Amino acid sequence: MYRILEKRKLNPTVTLMKIDAPAVAKKANPGQFIILRTDADGERIPLTIADYDRTAGSVTIIFQIVGATTEQLNHMEAGECLHDFVGPLGRATETDGKKKVAVVGGGVGCAIAYPVAKKFFEQGTEVHTIAGFRNSELVILEDEFAAASTRFVKMSDDGSWGEKGLVTDALRKLIESGEQYDEVITIGPLPMMKFVCKLTKEFGIKTVASMNPIMIDGTGMCGGCRLTVGGETKFACVDGPEFDGHLIDFDEAIARSSMYKPFERAAHEATCNLFAKEVK
Amino acid sequence: MPNMSPKKNPMPSQDAKVRARNFEEVALGYTAQTALDEADRCLNCKKPLCVEGCPVGISIPSFIQKVKVGEFEEAYRIITESSSLPAVCGRVCPQESQCEGKCVRGIKGEPVGIGRLERFVADYHNANNTAAPQKPIANGHRVAVVGSGPSGLTCAGDLAKKGYDVTVFEALHTAGGVLVYGIPEFRLPKAIVAKEIETLKALGVKIAVNTVVGKTVSVEELMKEEGFEAVFIGSGAGLPRFMNIPGENLKGVYSANEFLTRVNLMKAYRDGSTTPIQHAKRVVVVGGGNVAMDAARSALRLGAEKVYIVYRRSLEELPARREEVEHAMEEGVEFKLLNNPVEILGDENGFVCAVKCVCMQLGEPDASGRRSPVEVPDSEFLLACDSVIMSIGTSPNPLIKSTTAGLEVNRRGGIVVTEETGKTSLDGVYAGGDAVTGAATVILAMGAGKTAAKAIDEYLNR
C-alpha cells in the first residue's frame, strides 16, 4: 500500500499528491511515469512523475480530473493509501550535453515539464520556459517554474495571466529574436505539441514531445500505447514516453486518444453521481 | 480387470450455445465416480511412456493408481512432488501432444484422460483440504524470481519446498502472469490461480507485486544490494507483434495481449468494470494459436454477433490445440482459412470498418517443414468488422536485457541459456519460459522453471 503523504489543490481541477513509494523514488528521473490504481478493482492509469525526493522516499504526482479514476483519486485524502503504485516506467529525459533549451508546457502538461526544466536548470543548462494556460485560475507551479528557468514566459488564452496568446506565438517570437536552442521540449495537449513541433520543424530545431497515450500494463506487454514515429510503430511505455516530435504522427495519436471517450464520460458522470449521493 | 472402453469418459461441459455468452468455465470436471472409472482405464505400464511425455515428469501411473482406489489426497501429494500448479495444468496443458500423446491406450482408441484426472485430483484437494502445507525448514539461502507466471511460480515452489527463502517480483498488481492476464476465465478460473498462489505463499514464497525488474530494481541490484544469491528470470514473452500493414493503428484494433488483459486482468467483461473495452459486433481475429482462440471466444462472450479467425494456412497447420479449435467452432467462431489480411480500413471517425484480405494457397514446405502460404493473384476481398485483434505472436521484452550488463541474448532477443540447467551467461542468473523460448506453452515454461530450480539448488550447494 502506498500512503498519500500530502495533498494540495493547485487549481479547481488539478491536484498534487506526494506518495510514499521509496522504491520508485530511488530510481525516478524526469520524463518517467508511474501507473497507479486507487483500489482493488480500479483501473490502471499512467501519470508522469512531477517530482521525487529520494531521501524522503516520496514521489509527487499532479493530475487533472478528467475521468472516473482521477475523480476518485481526488476524493482521497492525506493518510489514505493507494492500492498500487508502480514505476518508474519509460525512459528518462536525455539532458546531457545541452547548453540551451526551451521547455514548452501547456495546461496540466506543465506538471511534467517542471521536473524536466528543473533537471536542465540544475545541471547549468540555460532554460527558457514557456508555460501556457487557458486563464489565470488554471495556473500551476508558477513559483517553481520561476525558480527553475533562466527566462520564464507566461501565456494565457484570455490574457489574464502573462501575455495573451498561444505558446507557439511566444516560441516563434523567441526564435525570431535570435535565441538559438539546442533542443525544444514540449509537453501538453496533443494539438499544442503538434503545432509546437510544426513550428520548430520550420526552423530546424530538434524537438522532443512527451506522449501520454492510453496505456494498461506500462511494460510493453499490451501494445495499447503504440504510436507511429517516423513510419515505425513504437510503444510509448518502453520506447518513450518522449519521442522526436518531428517524426510523431500526431493526427493518429489524437484519433487514438479518443477511443474510449464516450465510456470515460459516462464513467466519470457515474462516479460524480456516486460522490454526490455520499455527500447528501 | 481394467476398464477396456476405447473411449475416454467425456468431459461434462456447458452447452456450446449457452457458454458462448458467458465467462463461466466451459469444462465442468469429472465427478468422483467418473474419475474412478477413467482411472480404471490406466494399465499401470511397467515402463510408463506418459511420464516421458510430461515436461515436469509427474509420476502419472502412481497418482492414477491412488485415484483408482479413491485415495485422492494421496494422488494429490504424488502430483505435487513434481508440479506446483496441478489445477492449472489439468486445465491448460496440451496433454494430447504430451502425456496422453504417449499413452499406449491411445494406439487402439483414446488415451487415458490424464489431464482430466489431474484436474479432478487438484480440484478435489482444493475443495476438501483447507490445511496449509507445512513450511519447510529454512536453509538460509535467498533466491529472487522475476515474473510470477508459470515458470517463475514453478521455480519458486520447487525452491521453497527445499527450504529456500524465495521472493517473486511481479510487474503487474496481481500475481500469475499469463495465467491471470492472458488465459480467460472460461478456460482457467482466476480463483484457481489465486488458490495455487496461496498454496505457494503458505510454503513461504513471498510475492512482491508492482515491481518491474529492469526499472524499479535491476538484476544486479537484487544480487549486490538486496542479498539474493541467485536470480531466476521468467519474465515472459514480451511485446506483441503487429503485421505492419496499413490501418493497424485505427481505433478498434487491439493486440491480443491488450484485448485479453482488459478482459481478464482488468475484468472488463463485468458490468461496472472501471476498465473500458469495445463491445464489438463483428470481430476479426488474426492468427491461429491458442491466444487467437482465447481472443475469439472472449469476443463472442462480450456479445459479438460474428467472430472470424483469419489464418493464412489451412486447418492442418493451425497451431492451436485441437480441443480449443473445436470449442471455438462449436461456439460459432467462423474460420477463414488460407486468408491473409493486407490492409485494415477505417471509417470517417477513425474506427475500423473492414479488413481487406487475400486468399492464399500452400506452396512448398519451408525450412520448418511447414508449407508456406503464397498469395493467390487477384483474390482480394473485404471482411466487414468493427474490431480487429492481432494475435500473431510476440517479440521479447527488452527491459531486463537492456538493464543487465553481460546477459547474453540470441538474434531474436531471447535469453541464451544452457538447456540442461537454464543457466544464463551470468553466474547465479538463470532463466526459463517464454523469455528464453519465445511464446510457448504453460507446461514448457513450468518445465524450465523446474530445471532451473534444480540447477540453482546445486549451484548454491556447490
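Residues numbered from 1 in each chain as written. Chains lettered and ligands numbered in written order. Predicted model: local features only at pLDDT ≥ 70, side-chain atom pairs only at ≥ 80, totals over all residues. Heavy atoms only, no water.

1. Comments concerning the overall build of chain A
Quick note on the threshold: A run of H or I in DSSP becomes a helix once it reaches four residues, and a run of E becomes a strand once it reaches two; helices and strands are each numbered from the N terminus. When we talk radius of gyration, it's over C-alpha atoms, and the globule rule is simply 2.2 Å times the number of residues to the 0.38. The classification of residues rests on relative accessible area computed with a 1.4 Å probe and restricted to protein chains. Under 20% of the type maximum is buried, over 50% is exposed, and intermediate values are partly exposed.
If you tally the helices and strands in chain A, you get 9 helices and 16 strands. A compact globule built from 280 residues should have a C-alpha radius of gyration of about 19 Å, and chain A, at 18 Å, falls within 12% of that. With the C-alpha coordinates of chain A rotated into their principal frame, the extents come out at 55 × 40 × 40 Å. Burial status across chain A gives 56% buried among its 280 residues.

2. Quick word on the side chain of Ser 314 of chain B
Heads up, the condition is: Contacts described as polar in this section are N or O atom pairs within 3.5 Å, which, within protein, must combine one atom able to donate a hydrogen with one able to accept it, while residues neighboring in sequence count only if both atoms come from side chains.
Among the structural elements, Ser 314 of chain B can be located in the loop between strand S8 (306-311) and helix H15 (322-331). Within the local environment of Ser 314 of chain B, its side chain forms a polar contact with the side chain of Glu 317 of chain B, the two groups lying 2.4 Å apart.

3. Some points on unusual backbone geometry
Look at the link from Gly 87 of chain A to Pro 88 of chain A: it is a cis peptide, with omega at -5 degrees. Tracing the backbone shows Pro 88 of chain A in strand S7 (residues 84-89). A cis geometry characterises the amide bond from Gly 240 of chain A onward to Pro 241 of chain A, with omega recorded as 10 degrees. By the element assignment, Pro 241 of chain A lies in the loop between helix H7 (236-239) and strand S16 (242-244). For Asn 244 of chain B, which is not a glycine, the phi torsion comes out positive at approximately 60 degrees. Note that Asn 244 of chain B resides in the loop between strand S5 (239-240) and strand S6 (253-255). Judged by its relative accessible area of 64%, Asn 244 of chain B is exposed. Backbone geometry at Lys 267 of chain B places phi at a positive 60 degrees, although glycine is not the residue there. Relative to the helices and strands, Lys 267 of chain B resides in the loop between helix H13 (256-265) and strand S7 (282-286).

4. Structural notes on the interface of chain B and chain A
The condition that has to hold: In this analysis, two residues are considered to be in contact whenever any of their non-hydrogen atoms come within 4.5 Å of each other. Computed with a 1.4 Å rolling probe, the buried area is the accessible surface lost when two parts are put together, summed over both parts. Salt bridge, as used here, is a side-chain nitrogen of Lys or Arg placed within 4 Å of a carboxyl oxygen of Asp or Glu.
The interface of chain B with chain A comprises 40 residues on the first partner and 41 residues on the second. Summed over both sides, the interface between chain B and chain A buries roughly 3300 Å², with carbon and sulfur atoms accounting for 56% of that surface. Broken down residue by residue, the surface that chain B buries against chain A is led by Asn 210, Lys 215 and Asn 249 of chain B, which jointly contribute 21%. Our count for the chain B to chain A interface comes out at 2 salt bridges.

5. So, the nonpolar core
Counted only if it meets this: Take the buried residues of types Ala, Val, Leu, Ile, Met, Phe, Trp, Tyr and Cys, join any two whose side-chain atoms come within 4.5 Å, and each joined set is a nonpolar core.
Membership of the largest hydrophobic core comes to 73 residues, with the highest contact counts inside it found for Ile 60, Phe 63, Ile 64, Val 67, Leu 117, Leu 179 and Ile 456 of chain B. At 9 residues, helix H18 (residues 442-460) of chain B tops the list of elements feeding residues into this core. Sequence-distant contacts of Ile 456 of chain B, defined by excluding residues within four places in its chain, comprise Val 143, Cys 155, Leu 159, Tyr 164, Ala 230, Phe 232 and Tyr 430 of chain B. Counting residues in each nonpolar core, the second largest holds 57 residues, with Ile 35, Leu 171, Met 211 and Val 229 of chain A among its members.

6. Some details on the packing of aromatic side chains
The test is simple: Paired rings are identified among Phe, Tyr and Trp, the last through its six-membered ring, by centres lying within 6.5 Å, and are further divided according to the angle between planes into stacked (under 30 degrees), edge-to-face (over 60) and tilted (the rest). Whether a charge sits over a ring depends on NZ of Lys or CZ of Arg being within 6 Å of the ring centre and within 35 degrees of the ring normal.
All chains considered together, the criterion is met by 14 aromatic pairs over all chains. Judged by centre distance (6.2 Å) and plane angle (65 degrees), the ring pair of Phe 152 of chain A and Trp 161 of chain A falls under edge-to-face. Counting every residue linked through ring pairs, the aromatic cluster contains Tyr 114, Phe 133, Phe 145, Phe 152 and Trp 161 of chain A. The ring of Phe 228 of chain B carries the charged tip of Arg 142 of chain B above its face, separated from the ring centre by 4.1 Å. Between Arg 301 of chain B and the ring centre of Phe 186 of chain B, over which it is positioned, the NZ or CZ distance is 3.8 Å.

7. A few points about the sheet that holds strand S13 (residues 207-210) of chain A
All names here are of chain A. Spelled out, the test is: In short, DSSP must find at least two bridges between two strands for them to pair. Convention adopted: a line fitted to C-alpha atoms gives each axis, helices being fitted over their contacting stretch, and angles between N-to-C directions are expressed from 0 to 180 degrees.
On the basis of which strands lie adjacent, the open sheet formed by 7 strands has the order S11-S10-S9-S8-S12-S13-S16 and mixed pairing. One side of each edge strand has no neighbouring strand; the edge strands of this open sheet are strand S11 (163-164) and S16. Here S13 pairs with S16 via 3 bridges, running antiparallel. In the strand pairing of S16, Val 208 is matched with Asp 244. Set on the sheet, helix H6 (residues 190-203) makes contact with strand S8 (100-106), strand S12 (183-187) and S13; between it and S12 the angle comes to about 165 degrees.

8. Some remarks on the sheet that holds strand S3 (residues 206-208) of chain B
Residues and elements named next belong to chain B. Taking strand neighbours across the sheet as the criterion, the 5 strands line up as S3-S2-S1-S4-S16 in an open arrangement whose pairing is parallel. Each end of this open sheet is capped by a strand with a single partner; those strands are S3 and strand S16 (429-431). Strand after strand, the sheet turns through a mean of 20 degrees between neighbouring axes, direction not considered. Here 5 bridges tie strand S1 (residues 142-146) to strand S2 (residues 165-169), and the two strands are oriented parallel to one another. Bridge assignment links Arg 142 to a residue of S2, and that residue is Asp 165. Contacts from helix H9 (residues 150-161) reach S1, S2 and strand S4 (230-233) within the one sheet, and its direction differs from that of S2 by about 170 degrees.

9. Considering the pattern of salt bridges
All names here are of chain B. All told, the structure shown has 49 salt bridges over all chains when counted by the stated rule. Measuring nitrogen to oxygen at the nearest pair gives 2.8 Å for the salt bridge that ties Asp 123 to Arg 91. Taken as a pair, Asp 123 in helix H8 (residues 114-128) and Arg 91 in helix H6 (residues 86-92) lie far apart in primary sequence, 32 residues in all. For Arg 91, a relative accessible area of 8% gives the class buried. Among the salt bridges present, the one from Glu 324 reaches Arg 297, with a minimum N-O distance of 2.9 Å. A residue pair is termed long-range when its members are at least 10 positions apart, and Glu 324 in helix H15 and Arg 297 in helix H14 (residues 290-301) qualify at 27 residues. Assessed through its relative accessible area of 2%, Glu 324 is described here as buried.

10. What about the domain arrangement of chain A?
When the parts come together, some accessible area is lost, and that loss is often what is quoted as the size of the interface. Residues and elements named next belong to chain A. The test is simple: Domain limits in this description derive from either an automatic procedure or a database domain assignment.
Along its sequence, chain A is organised into domain 1 (2-89) and domain 2 (93-209). Contacts between the two partners involve 14 residues from domain 1 and, on the opposite side, 14 residues from domain 2. Carbon and sulfur atoms supply 62% of the area that domain 1 and domain 2 bury against each other, a total of about 1200 Å² over both sides. Here domain 1 and domain 2 share 1 salt bridge between them. Its salt-bridge partner being Asp 51, residue Lys 118 comes within 3.2 Å of it at the nearest N-O pair. Linking domain 1 to domain 2 there are 3 residue pairs in polar contact (both at pLDDT 80 or more).

11. With respect to the packing of H13 of chain B against H14 of chain B
Residue and element names in this part refer to chain B. Heads up, the rule is: Should an angle lie under 35 degrees it is considered roughly parallel, over 145 roughly antiparallel, and from 65 to 115 roughly perpendicular; all remaining angles are considered oblique. Left-handed describes a crossing in which the near helix is turned anticlockwise from the far one by less than a right angle; the clockwise case is right-handed.
Here H13 crosses H14 at 50 degrees, and the two axes come no closer than 10 Å. One finds that H13 runs oblique with respect to H14. Once H13 is placed against H14, the crossing between them reads as left-handed. Where H13 abuts H14, its residues Ala 256, Phe 259 and Leu 260 lie against Val 291, Asp 294, Ala 295, Ser 298 and Ala 299.

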